[in-house]
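Fold and geometry: a report
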Amino acid sequence: MSDNERGNDDELSLPKATVQKLINEMMPDDIACAKDTRDLLIECCVEFIHLLASEANDICEKEMKKTIAAEHVIAALKALGFEEYLPEVEVVLQDHKTQQRVKDKDRKSGRLEHSGRTEEELLMEQTRLFAEAKERHQTQQN
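Residues numbered from 1 in each chain as written. Predicted model: local features only at pLDDT ≥ 70, side-chain atom pairs only at ≥ 80, totals over all residues. Heavy atoms only, no water.

If you look the protein chain up in an unreviewed UniProt entry, it shows as Negative cofactor 2 transcription regulator complex subunit ncb2 from Modicella reniformis. Taken verbatim from the UniProt record of the protein chain, the Subcellular location (unreviewed entry) comment is "Nucleus". (UniProt positions renumbered as here; feature names shortened; annotations may be inferred.)

Below, the structure written as structure tokens:
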């Protein structure tokens, strides 16, 4: 895929500090990584992401879908010959889905569970607040 097909990629990159941190975690302590090597690694990663995204997009379009899903990315990895990544990708995907379910559950549970009060206490307070509001409204009209 040429730069013209992708558009202007000058601003597309990965955070250098984050990549450097990953490199440092992966490399033995007695080996350093030159900045130009890190930059080349970033360029390779960006190119890999473009390749994978393009293939996933093609698969998505063939299925007449408008949104690239995880399944499209997995199919793209297979199509591009990166099957050895699939076991780890599947684990990460399951972890992500689990985290999303927890977030969704927390979001749905809302204030009731986080209030520290029973449903009856909350209902009584609601009734009291409505009565006070009704009284204020009537007082203002008189």
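After that view of the structure, there is still more to cover.
Quick look at the nonpolar core now. By size, the foremost hydrophobic cluster in this structure holds nine residues: L52, A56, I59, I74, A76, L77, F82, L86 and L93. For this core, the secondary-structure elements that each account for two or more residues are α3 (35–62), α4 (70–79) and α5 (86–114). In contact with L52, not counting residues within four places along its chain, are V73, A76, L77 and L80. (Core = buried A, V, L, I, M, F, W, Y, C linked by side-chain atoms within 4.5 Å. Buried < 20%, exposed > 50% of the residue type's maximum accessible area, 1.4 Å probe, protein only. Helix = DSSP H or I, 4+ residues; strand = E, 2+ residues; numbered from the N terminus. Contact = heavy atoms within 4.5 Å.)

Time to look at the confidence of the model for the protein chain. Per-residue pLDDT for the protein chain averages 88, and the proportion of residues at 70 or more is 88%. When the elements of the protein chain are averaged for pLDDT, helix α1 (residues 3–6) gives the smallest value, 47, and α4 the largest, 97. (pLDDT = per-residue confidence, 0-100.)

It is worth spelling out the side chain of H72 at this point. Counting through the fold element by element, H72 comes out in helix α4. By relative accessible area, which is 5% here, H72 ends up buried. Here the side chain of H72 touches E63 through a polar contact of 2.8 Å, side chain to side chain. Once residues lying within four places of it in the same chain are set aside, the contact partners of H72 are A56, I59, C60, E63, K65 and T67. (Polar contact = N/O pair within 3.5 Å; in protein donor to acceptor, adjacent residues only side chain to side chain.)

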